[in-house]
Amino acid sequence: MILVALRGLAGRKLRAALTAFAIVLGVATVAGTYILTDSISNAFDSIFTGIYRGTDAAITGRSAITSSTSGQTDVPSFDESLLAKVRQLPGVAAAVGGVGGEAQLIGSNGKVISFGGAPNLGFSIDASQARFNSLTLVDGSWPRANEVVVDRSTASKKHIKVGTTIGVQGQGRALPFRVSGLVNFGAAASIGGATLAGFDLPTAQRLFREQGKLDQIRIASKPGVSEAALLDQVRAILPPHTQVKTGEAQAASDASDTKSFLSFLQTFLLSFGGVALFVGAFVIANSISITIAQRTREFATLRTIGASRRQVLWSVMVESTVTGVLASVVGLGIGFALAKGLFKLFDALGFTLPNSGLLLKPRTVVVALLVGIVVTILASLRPAMRATRVPPIAAVREGAELPPGRFERYRGVGSAALALLGFAALAYGLFGSGLSTKQVLIFMGIGALLIFFGVGLFAAHLVVPLAHALGAPGARFGGAPGVLARENTQRNPQRTGSSAAALMIGLALVTLVAMLAQGIRSTFFDAVDALWQTDYAVTAQNNFSPIPAADSASVRNVAGVQDVVGVRQGDARIFGARHSLTAVDPGASHVFTLSWTEGSQAVLDSLGMHGAFIDQSFADKHHLQVGSTVRVLVPSGAQPSFSVDGIFKPPTGGSPFGPVTVGSAAFDRLYAQPTNLYAFVNVAGGVTPENTRKLEHALADYPNAKVQDQQQFKDNQAAGLSAILNVLYVLLALSVVVSLFGIVNTLVLTVFERTRELGMLRAVGMTRRQVRRMIRYESVITALIGALLGITLGIVLAVLLIARVKEINVAWPVTSLLSFIVVALVVGLLAAIFPARRAARLNILQALQYE
Amino acid sequence: MEGSDRANGAVVEAHALVRRYGEGETAVDALRGINLEVARGKLTTVMGPSGSGKSTLMHLLAALDRPTSGYVVIAGTRLGELSDTEVTKVRRDHIGFVFQFFNLLPMLTADENIRLPLTIAGEKPDAGWYESLVKEVGLAARTSHRPAELSGGEQQRVAIARALVSRPTVVFADEPTGNLDSRTSGEILELMRHSVDAYGQTTVMVTHDPRAASIADRILFLNDGLIVKDLPRSEPQVVLAAMEELTPT
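Every chain is numbered on its own, with residues counted from 1 as its sequence reads. Working convention: letters from A go to chains and numbers from 1 go to ligands, in the order in which they are written. Residues qualify for local features only when their pLDDT is at least 70, as the model is predicted, and side-chain atom pairs are given and counted only at 80 or more; totals for whole chains, interfaces and linings, by contrast, use all residues.

*Asks:* Whenever I open this one, the overall build of chain B confuses me. Can you help?
*Replies:* Helix numbering and strand numbering both begin at the N terminus, where a helix is a DSSP run of H or I of at least 4 residues and a strand a DSSP run of E of at least 2. On a plain count of helices and strands, chain B comes out with nine helices and ten strands. What you see for chain B is a C-alpha radius of gyration of 18 Å, in line with the 18 Å of a compact globule of 249 residues. If one aligns the C-alpha atoms of chain B with their principal axes, the spans along those axes are about 50 × 40 × 35 Å. Whether a residue is buried, exposed or partly exposed is read from the other C-beta atoms within 10 Å of its own C-beta, which are placed from the backbone; 20 or more gives buried, 12 or fewer gives exposed, and intermediate counts give partly exposed. Counting the 249 residues in chain B, one finds 45% classified as buried. Counting only contacts in chain B whose residues sit at least 6 apart along the sequence, the fraction spanning at least 24 positions is 69%. Throughout, the radius of gyration refers to the C-alpha atoms, and the reference size of a globule is 2.2 Å times the residue count to the power 0.38. For the purpose of contact definition, each residue receives a C-beta atom placed from its backbone, and two residues are in contact when these atoms lie within 7 Å.

Structural data, given as structure tokens:
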């Protein structure tokens, strides 16, 4: 029987390949994701261990806010006098102190040199302590005062030569530096796309405004001194708010941010692979169902010559398992190519990922193969069960059809119940009380899965009316092909339903994403409109990085400027939980109009050193009113108290302010390097080209800052959202492609099945062109059914989700929704190309004789 | 089992077979009470006009369908209450099929098609038997071809070899010449007759071709669901005359 299965597979190569393609894509995504993230993670590991080369222990500042394991918050620096004390410890052979931060190199065009989103790293180098130095000099010399060394990769891309002068911006305005040398990181020319800028210690301290301070001390122990002994000695002399760790532990802690981002990226990408596989399961189930229906007589014959039901089941399962194995292996290979291609693609886009070779872990192979095979087997289980129900007598019946499954008559009720159960699970996840985030996600996931499954199965019952309506234009204006195409889609509603359902899933998710994005965008715009009464805003070039407070202050001296109001942000612990603490400059009442429940606009200007205003929900949660005291713990360990002067209600789309906002004067005393998220500027005469020019001129020395008016500000802030949206579209396109293949497959099989009928139609005078058109119409109707179901479902899901999330209102992305319908149309047309050609090519005589 | 075979020489028995299609007023009785014994080693032909119930009778005898009442005994086993698995066992051990449309598996070679019943049963063919069978049906040179590469007559030869390969108790042939031209039909009929004479293969053939019927040892005539005539071996003219009697003009 295995022979029968394998031969059957070999005899239907095209069909098998089309079926398998659905799995190939899904497995490729899963494998590609693992390979990509593993490789990046591996590259980062080697970078971070490289950084701590020769380091047995490292001292850093300790944030008062987070636990000691994570370095995400602003870590306070410490006094450099500690270095001398460390060097005197008996177990210490050598120690070196350093500072670091964001250092932007300014290109010859006056713009910041930046590759994609990669960081611009600046740090001090102590060239005399070679054992700690992970950089190797490839040209020139190590930096002295007012000199900089730059990584070779950046230098060659931007034509930076030793001896030339380059602008560098740290904290404060950009300053000119002489390029003293070019360096490699270890043997590599670069770390991903990061730019590297190394200085001597005093220069770096000045650049990062850390005069007399250090961010880190690295220590090498004397031979024979154990790690534990070294740590003990260091601990004995540590001042408050500092900590010591082993070199490895420090490397791991530095890597933790990157690691958690990578693990997020991995889950994120895998979930799209999962969607593609889920859609693939639909495609496979449908393809196998059709193939089995066409082989009814074959199965019946097998039964008459002694095959048992179990053997029939086996032969189908062997066939699909082999398909699954082959598809998964191919998928794994394509996944490898995909990861390689993504590295190249990102590189071409200027977003270089650290890459020290592709890493194929055994886990990747196991998971990818397992997932592909299991999905294929699960998807073919139902059709295989139906094959066993073929009675032997079908061998002698003309035009024998697959008997309906045992549960066929419950299909309508059952699938509707499944969908309803899905909605119930989703609603419970969204609105149930006392669920953890994880539980919410699990319920939502299960709910969505059940909904798609239920609606997918139920689609068969919607096909007839939908095809009737959607096929109406074709039937009316398309002549005989139009009429026949409409009839054909209704002929086997289950088949059409399943093909459409596969497309439905992809389009439902795309619609959901578009609805959410539109909701977020429009509520954000509404919020800006409600709050904003200023002429200009100043932000970082990338729209979201905080910029040093000093940058925006420089516009204060521009003639005609009336108000410059910075909004600062920093980490803090308030009532035991981590929040961001925000701060505003006096004059804020001229740039914002807040909706006050207690207090008034005047509060904005009179916060001083001890005043604060809070938002309504924070006030409700902690039972605060005007006059209450709020105590705040900041990273440096200080715990100032503020009195509540006002309570405001932010618009639905949020505000620039966190739960607690204090005066900028108070903030600047608590945070060593205060940064602004935004600065808002009012100028006499409002927004004019002249004013814009003057402000831009004032910011010329701060290349990282940019000036924008209200509309630009809105667009820029929404740009990040558009970028995310585009990434999501690309990832979801994968499942749409899978469903496209589903339609192709169904059509090819249908054409094959109707060979005799097509021959008859051609014999009675239908032209090739008409045959092609008929298949095309059928394909488009199927795709449009999928689009209609998908878009409707997507809207329903989005409305449910938005009902739960208070920060978003429902808004209609009309253009996007219309373009999805166009996409479906195109999918339909593309899917029809190959089957239509096959149908038109049929030789009339052979088709009529076909048995 | 063997004993009962020997006692009356019958390998297939039908007892008061009734097959009703549909229910209530629209019910149609295709068979209205058939009693029959098929003798070992003989070729029995069932004839009758369209709608006489001859195909239904064969389906019931071959365990493809279940009677409304009455029962069938094959090689001493009463089929009535057997489960699907047990019926499958009976098919493997006792029944071979030859179909009007050949029903070969298109992806298997002629050779593989012939061996299929044994493959399914997990048995190995007796090499000598297999080779003589292939030679006997006249396929020796064509066994590596796929059905699509064979003529209709050759395909039916493959089908006959497939039916014979497991040496079943009885071979059922359903209009084996219905899809062939007259010259090829003659060859196929000869082959079937030969299998009865050479191997003592009990065969039941349903046909409406008088020439096909004339090679039989016994000819049963069905009309309106009843056996109306039971002839021994007869000439085609006699068969034709009997047929014309059944179809009043």
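*Asks:* What is the right way to read the overall build of chain A from this model?
*Replies:* Looking only at helices and strands, one finds 24 helices and 25 strands in chain A. By its C-alpha atoms, chain A is 100 × 65 × 50 Å across when sized along the principal axes. The burial tally for chain A puts 48% of its 851 residues in the buried class. Relative to all contacts within chain A whose residues are 6 or more apart in sequence, the contacts with residues 24 or more apart total 83%.

*Asks:* So what exactly am I meant to see when it comes to the domain arrangement of chain A here?
*Replies:* Size of an interface, as often reported, equals the accessible area lost when the parts are brought together. Boundaries of every domain are those given by an automatic assignment or by a domain database. The assigned domain composition of chain A is domain 1 (1-53 + 264-406), domain 2 (54-258), domain 3 (462-535 + 710-851) and domain 4 (546-703). Spacing between the C-alpha centres of domain 1 of chain A and domain 4 of chain A amounts to 55 Å.

*Asks:* Is there a simple way to think about the interface of chain A and chain B in this case?
*Replies:* Each side of the interface is counted separately: chain A has 22 residues, and chain B has 24 residues. Broken down by secondary-structure element, the contributors of at least two residues to the side of chain A that touches chain B are helix H1 (2-11), helix H8 (296-304) and helix H9 (309-348) of chain A. Looking at which element gives the most residues to the side of chain A that touches chain B, the answer is H1 of chain A, with six residues. Its residues placed into classes, the side of chain A that touches chain B shows ten nonpolar, seven polar and five charged. For this classification, Asp, Glu, Lys and Arg are treated as charged, while Ala, Val, Leu, Ile, Met, Phe, Trp, Tyr, Cys and Pro are nonpolar and the rest, including Gly, are polar.

*Asks:* Can you help me understand unusual backbone geometry in this one?
*Replies:* With glycine set apart, most residues show a phi of negative sign, and most peptide bonds adopt trans. If you check the backbone angles, phenylalanine 575 of chain A has positive phi at about 50 degrees while not being a glycine. Since 15 C-beta atoms lie within 10 Å of it, phenylalanine 575 of chain A is described here as partly exposed. Non-glycine residue phenylalanine 102 of chain B carries a positive phi angle of around 65 degrees. The topology assignment puts phenylalanine 102 of chain B in the loop between strand S6 (95-98) and helix H4 (110-121). Residue phenylalanine 102 of chain B is classed as buried on the basis of its 23 C-beta neighbours within 10 Å.

*Asks:* Can you walk me through the packing of helix H12 (residues 437-470) of chain A against helix H15 (residues 493-531) of chain A in this structure?
*Replies:* In helix packing, the relevant descriptors are the interaxial angle and the interaxial distance, both defined with respect to the helix axes. All names here are of chain A. Direction vectors running N to C along H12 and H15 enclose 120 degrees, while the axes themselves pass 7 Å from each other. With respect to their mutual orientation, H12 and H15 come out oblique. For the crossing formed where H12 meets H15, the hand is right-handed. Contacts from Phe452, Gly456, Ala459, Ala460, Val463, Val464 and Ala467 of H12 reach H15 at Pro493, Gln494, Thr496, Gly497, Ala500, Ala501, Met504 and Ile505. Across the contact of H12 with H15, the residue classes break down as eleven nonpolar, four polar and no charged. Each axis is a line fitted through C-alpha atoms, and for a helix only the stretch in contact is used; angles between axes span 0 to 180 degrees, taken between their N-to-C directions. Roughly parallel means an angle under 35 degrees; roughly antiparallel, over 145; roughly perpendicular, 65 to 115; everything else is oblique. Handedness of a helix crossing follows the sense of rotation of the near helix relative to the far helix, less than a right angle counterclockwise being left-handed and clockwise being right-handed.

*Asks:* What should I look at first to understand helix H19 (residues 689-698) of chain A in this one?
*Replies:* It helps to recall that an α-helix has 3.6 residues per turn; residues three or four apart then point in one direction. Residues and elements named next belong to chain A. All of the buried residues in H19 are Asn691, Leu695 and Ala698. Axial view of H19: buried residues confined to an arc of 60 degrees, hence all on one face. Exposed and facing more than 90 degrees away from the buried side of H19 are Pro689, Glu690, Arg693 and His697. Against strand S15 (536-540), strand S24 (675-683) and strand S25 (705-709) lie the buried residues of H19. Arc, as used here, means the arc of the directions from the helix axis to the C-beta atoms.

*Asks:* In this structure, what is going on with the sheet that holds strand S2 (residues 28-39) of chain B? I would like to understand it.
*Replies:* All names here are of chain B. Spatial strand order, S2-S1-S4-S5: four strands in an open sheet with antiparallel pairing. If you trace the sheet from one side to the other, it starts and ends with S2 and strand S5 (77-78), each paired once. Think of it this way: DSSP has to see at least two bridges between two strands before they count as a pair. Examined bridge by bridge, strand S4 (residues 69-74) and S5 share two bridges and lie antiparallel to one another. From the neighbouring strand, valine 73 faces S5, where its bridge partner is arginine 78. Helix H2 (residues 54-61) contacts strand S1 (10-21), S2 and S4 of the sheet and is inclined by roughly 125 degrees relative to S1.

*Asks:* Would you take a moment to explain the sheet that holds strand S9 (residues 218-223) of chain B for this structure?
*Replies:* In a beta sheet, neighbouring strands are held together by backbone hydrogen bonds and run either parallel or antiparallel to one another. All names here are of chain B. The strand order S6-S7-S8-S3-S9-S10 describes an open sheet built from six strands, whose pairing is mixed. Two strands lie at the open edges of the sheet, namely S6 and strand S10 (226-232), each paired on one side alone. The mean angle between the axes of side-by-side strands here comes to 20 degrees, regardless of whether they run parallel or antiparallel.

*Asks:* What am I meant to see in the pairing of strand S8 (residues 203-206) of chain B here?
*Replies:* Regular strands place side chains that alternate from one sheet face to the opposite one. Residue and element names in this part refer to chain B. Taking every second residue as pointing to the same face, both faces of S8 are buried, with Thr203 and Met205 on one and Val204 and Val206 on the other. Here four bridges tie strand S3 (residues 43-47) to S8, and the two strands are oriented parallel to one another. Residue pairing in the sheet places valine 46 in a bridge with valine 206 of S8. Where strand S7 (residues 170-174) meets S8, four bridges bridge the pair, whose relative direction is parallel. Paired with aspartate 174 across the bridge in S8 is valine 206. Seen with its strands pointing away from the viewer, a crossover is right-handed if its path from the first strand over the helix to the second goes clockwise. Since S7 and S8 lie parallel, the crossover through helix H7 (residues 182-199) that links them has a hand, and here it is right-handed.

*Asks:* What am I meant to see in the pairing of S1 of chain B here?
*Replies:* Residues and elements named next belong to chain B. Across nine bridges, the pairing between S1 and S2 is antiparallel. Bridge pairing in S2 places alanine 14 opposite leucine 36. Between the antiparallel neighbours S1 and S2 lie six residues, among them glycine 22 with a positive phi of about 80 degrees. Across five bridges, the pairing between S1 and S4 is antiparallel. Across the sheet, residue histidine 15 finds its bridge partner in S4, namely tyrosine 71.

*Asks:* Just to check I follow, could you spell out the environment of glycine 70 of chain B for this structure?
*Replies:* Residue and element names in this part refer to chain B. Mapped onto the fold, glycine 70 is located in strand S4. Residue glycine 70 is classed as partly exposed on the basis of its C-beta count, with 17 C-beta atoms lying within 10 Å. In this structure glycine 70 touches Ala14, His15, Ala16, Leu17 and Val18, once residues within four positions along its chain are discounted.

*Asks:* How do you make sense of the environment of serine 664 of chain A when you look at a structure like this?
*Replies:* Residue and element names in this part refer to chain A. Positionally, serine 664 belongs in helix H18 (residues 664-670). The class for serine 664 is buried, based on 22 C-beta atoms found within 10 Å. For the pair serine 664 and arginine 804, spaced 140 residues apart in the sequence, the C-alpha separation amounts to 35 Å. Beyond its immediate stretch of four places on either side in the chain, serine 664 contacts Gly566, Arg568, Ala583, Val584 and Asp585.

*Asks:* Is there a simple way to think about the packing of helix H2 (residues 13-51) of chain A against helix H20 (residues 710-753) of chain A in this case?
*Replies:* Residues and elements named next belong to chain A. In contact at an axis separation of 9 Å, H2 and H20 are set at 170 degrees when each is read in the N-to-C sense. Between H2 and H20, the crossing angle belongs to the class labelled roughly antiparallel. Where H2 approaches H20, its residues Arg15, Leu18, Thr19, Phe21, Ala22, Leu25, Gly26 and Thr29 are matched on the opposing element by Leu734, Val737, Val738, Phe741, Gly742, Val744, Asn745, Val748 and Leu749. Residue composition of the contact of H2 with H20, by class: eleven nonpolar, five polar and one charged.

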